[in-house]
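Given next are the chains, with one letter for each unit.
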Protein chains: 2
Amino acid sequence: MKAKIHITLKSGVLDPQGKAIGHALGALGFEGIGDVRQGKYIELDVAENDPAKAEAQVKAMCEALLANTVIENYAVEILA
Amino acid sequence: MKAKIHITLKSGVLDPQGKAIGHALGALGFEGIGDVRQGKYIELDVAENDPAKAEAQVKAMCEALLANTVIENYAVEILA
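Bear in mind the structure is a predicted one, so any value in this text is a computation, not a measurement.

Parameters and conventions
Residues numbered from 1 in each chain as written. Chains lettered and ligands numbered in written order. Predicted model: local features only at pLDDT ≥ 70, side-chain atom pairs only at ≥ 80, totals over all residues. Heavy atoms only, no water. Contact = heavy atoms within 4.5 Å. Salt bridge = Lys/Arg side-chain N within 4 Å of Asp/Glu carboxyl O. Polar contact = N/O pair within 3.5 Å; in protein donor to acceptor, adjacent residues only side chain to side chain. Helix = DSSP H or I, 4+ residues; strand = E, 2+ residues; numbered from the N terminus. Nonpolar A, V, L, I, M, F, W, Y, C, P; charged D, E, K, R; others polar. Pairing = 2+ DSSP bridges. Axes fitted to C-alpha atoms, helices over the stretch in contact; angles between N-to-C directions. Parallel < 35°, antiparallel > 145°, perpendicular 65-115°, else oblique. 1 Å grid on protein atoms, 1.4 Å probe; cavity = no way out; pocket = protein on both sides within 12 Å on 5 of 7 lines; lining within 4 Å. Points joined across faces, edges and corners; volume = space filled by probe spheres on them.

Novice: Please set out the interface of chain B and chain A residue by residue, giving values where relevant.
Specialist: Counting from both sides, the interface comprises 30 residues of chain B and, opposite them, 30 residues of chain A. On the surface where chain B and chain A come into contact, there are zero salt bridges. At the junction of chain B with chain A, the criterion picks out 13 residue pairs in polar contact (both at pLDDT 80 or more). Of all elements in the fold, only strand E1 (2-9), helix H1 (16-27), strand E2 (33-46) and helix H2 (51-66) of chain B reach the threshold of two or more residues within the side of chain B that touches chain A. A total of 14 residues in the side of chain B that touches chain A trace back to one element, the largest contributor, which is E2 of chain B. Its residues placed into classes, the side of chain B that touches chain A shows 17 nonpolar, seven polar and six charged. Sheet analysis places strand E2 (residues 33-46) of chain A next to E2 of chain B, joined by 11 bridges and oriented antiparallel. By the bridge assignment for E2 of chain B, Val36 of chain A is matched with Leu44 of chain B.

Novice: Help me get a handle on the packing of helix H2 (residues 51-66) of chain A against H1 of chain B, residues and values and all.
Specialist: Angle between the axes and distance between the axes: these two values describe a pair of packed helices. Packing of H2 of chain A against H1 of chain B brings their axes to within 11 Å, and their N-to-C directions diverge by 100°. Classified by the angle between their axes, H2 of chain A and H1 of chain B sit roughly perpendicular to one another. The residues of H1 of chain B that touch H2 of chain A, namely those facing Met61, Leu65 and Leu66 of chain A, are Ile21, Ala24 and Leu25 of chain B. When grouped by side-chain class, the residues that make up the contact of H2 of chain A with H1 of chain B number six nonpolar, no polar and no charged.

Novice: I'd love a proper account of empty space enclosed by the protein, names of residues and values included.
Specialist: On inspection of all chains with the given rule, the structure shows one cavity of 30 Å³ or more. There is about 40 Å³ of room inside the largest cavity. In this structure, the largest cavity is lined by Thr8, Leu9, Asp15, Arg37, Gln38 and Gly39 of chain A together with Tyr41 and Glu43 of chain B. Only strand E1 (2-9) and E2 of chain A together with E2 of chain B provide two or more residues apiece to the lining of the largest cavity. Split by residue class, the lining of the largest cavity holds two nonpolar, three polar and three charged.

Shape is all these values report; function is a separate question.
Spelled out as structure tokens, the structure:
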């Protein structure tokens, strides 16, 4: 099954990359840009065919490697 | 309005970061991991209140700065 994972910084954690993007967009002439936050987006295939088991496996991957749960949130979406 | 942007490598473009994630997951004991692709996920606020105009503005930002359209695709989603 295919899994989509979004990893985002928790609110309250400073996001210098997002700030840099916001400044650069302003310098390019885009106006009215508010808060910008950058996160990671990962797509992966797992062999597991049961959606619930696949989700549990991918969440374990997030906890073990993909996300730094001290400062990041993750969201897992399993596609059929 | 709030915009969500996904920036992903075009298919056929080598993704060493995704490969590294796949290998690392394998080394941690996760089995059955297929293709892994990593992209970027950006959330931003724009002052524009018309969804169509906001989408056009955010697409212009993607073309100008956020995505390298030679090797990357982008998808824009505008939230009410």
